[in-house]
Amino acid sequence: MEETQNRPEETPRDYKIMALLLQSHGITDCDPSVINQLLEFSHRYTVDVLQDALVYAEHAKKPEIDIEDVRLAIQGRVNYSFTSPPEKEFLLELAEESNKHPLPLIPEKYGVRLPPEKFTLTGVNFHIVPEQRGQPGKDGAPGSQPSPD
């Protein structure tokens with residue numbers, strides 16, 4: 001993991017701590033934006049927990065936040081934010097139930113079936129009638145002969 005601009009003295013303390021945490025879990029190389037994203041997540045989570053703890057302390061009419069308020073806020077966050085995946089047995093039962101029904105047969109015609117061409121936007125929906133000259137038309141329309149007076 002790179003230090004900021006290769007100058008370790010300018011690297012923020014929190015950045016170094018997060019990099020050490022990642023290294024302690026076996027992650028030796030990652031993009032610097034990963035550390036920034038983890039720092040953002042941890043900051044947002046801490047702020048949310050402390051705001052919840054403040055609400056709990058105000059509700060209990062306490063002048064300050066104590067450890068019990070923080071524990072309650074963390075417990076509420078864990079129950080609200082993080083969920084565990086369903087058990088493997090449940091997923092196997094669900095898969096078995098879904099797989100009991102056979103898939104539909106493959107149709108003989110492949111591809112996307114379109115409606116008849118007259119109902120599509122790609123079909124020709126107009127007719128070009130060439131103008132015929134010399135034939136009498138109605139009401140002085142082009143191609144009409146003037147009537148003799």
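To be clear, the structure that these remarks concern was listed above.
Since the model is a prediction, treat every value here as computed from it, not as a measurement.

Asker: So what about the overall build of the protein? Which residues, and what values?
Answerer: A tally of regular secondary structure across the protein gives 4 helices and 0 strands. Ordered by position from the N terminus, the helices and strands of the protein form the series α-α-α-α. Counting all 149 residues of the protein, 11% fall into the buried class. Nonlocal contacts in the protein, meaning residues at least 24 apart in sequence, comprise 28% of its contacts between residues at least 6 apart. As presented, the protein carries roughly 13900 Å² of accessible surface, and 57% of it is formed by carbon and sulfur atoms.

Asker: I'd love a proper account of the packing of helix α2 (residues 32-59) against helix α3 (residues 67-81), names of residues and values included.
Answerer: At their nearest, the axes of α2 and α3 sit 8 Å apart, and the two run at 120° to each other. As far as their axial angle goes, α3 and α2 are oblique. The element α2 and its partner α3 pack so that their crossing is right-handed. Residues Tyr45, Asp48, Val49, Asp52, Ala53, Tyr56 and Ala57 of α2 lie in contact with α3, whose contacting residues are Asp69, Val70, Leu72, Ala73, Ile74, Arg77 and Val78. Residue classes in the contact of α2 with α3 are distributed as 10 nonpolar, no polar and 4 charged.

Asker: Give a detailed account of the side chain of aspartate 69, specifying residues and quantitative values.
Answerer: Note on placement: aspartate 69 falls in helix α3. Judged by relative accessible area, aspartate 69 falls into the buried class, the value being 5%. Apart from residues no more than four positions distant in its own chain, aspartate 69 is found in contact with Ala53, Tyr56, Ala57, Lys62 and Glu64.

Asker: Talk me through the packing of aromatic side chains; I want residue IDs and the actual numbers.
Answerer: If you walk through the whole model with that rule in mind, you get 1 aromatic pair. Taking 6.3 Å as the distance between ring centres and 20° as the angle between the ring planes, the aromatic pair formed by phenylalanine 41 and tyrosine 45 counts as stacked. Taken together, the residues phenylalanine 41 and tyrosine 45, both in helix α2 and 4 residues apart, mark about one turn of the helix. Assessed through its relative accessible area of 41%, phenylalanine 41 is described here as partly exposed.

Asker: Just give me the short version of the environment of asparagine 36, but keep the residues and values in it.
Answerer: In this fold, asparagine 36 is placed in helix α2. Note: C-alpha distance between asparagine 36 and aspartate 14 (22 residues apart in sequence) is 9.7 Å.

Asker: Tell me about the nonpolar core, and please be specific about residues and values.
Answerer: In terms of nonpolar packing, the biggest core is built from 6 residues, these being Tyr15, Met18, Ala19, Leu22, Cys30 and Ile35. Looking at which element gives the most residues to this core, the answer is helix α1 (residues 13-24), with 4 residues.

Asker: Tell me about the pattern of salt bridges, and name the residues and values.
Answerer: Note on pairing: side chains with opposite charge can pair once their charged atoms come close. Under the criterion given, the structure shown has 6 salt bridges. Its salt-bridge partner being arginine 77, residue aspartate 52 comes within 3.1 Å of it at the nearest N-O pair. One end of the pair, aspartate 52, is in helix α2; the other, arginine 77, is in helix α3, and 25 residues separate them in sequence. When the shortest N-O distance is used, the salt bridge between glutamate 97 and lysine 100 registers 3.6 Å. Residues joined in a network through salt bridges with shared partners are Lys62, Asp66 and Asp69.

About the cut-offs
- Residues numbered from 1 in each chain as written.
- Predicted model: local features only at pLDDT ≥ 70, side-chain atom pairs only at ≥ 80, totals over all residues.
- Heavy atoms only, no water.
- Helix = DSSP H or I, 4+ residues; strand = E, 2+ residues; numbered from the N terminus.
- Buried < 20%, exposed > 50% of the residue type's maximum accessible area, 1.4 Å probe, protein only.
- Contact = heavy atoms within 4.5 Å.
- Areas by Shrake-Rupley, 256 points an atom, 1.4 Å probe, with all protein chains shown as cover.
- Axes fitted to C-alpha atoms, helices over the stretch in contact; angles between N-to-C directions.
- Parallel < 35°, antiparallel > 145°, perpendicular 65-115°, else oblique.
- Left-handed = near helix turned anticlockwise from the far one by under 90°.
- Nonpolar A, V, L, I, M, F, W, Y, C, P; charged D, E, K, R; others polar.
- Phe/Tyr/Trp six-rings, centres within 6.5 Å; stacked < 30°, edge-to-face > 60°.
- Core = buried A, V, L, I, M, F, W, Y, C linked by side-chain atoms within 4.5 Å.
- Salt bridge = Lys/Arg side-chain N within 4 Å of Asp/Glu carboxyl O.

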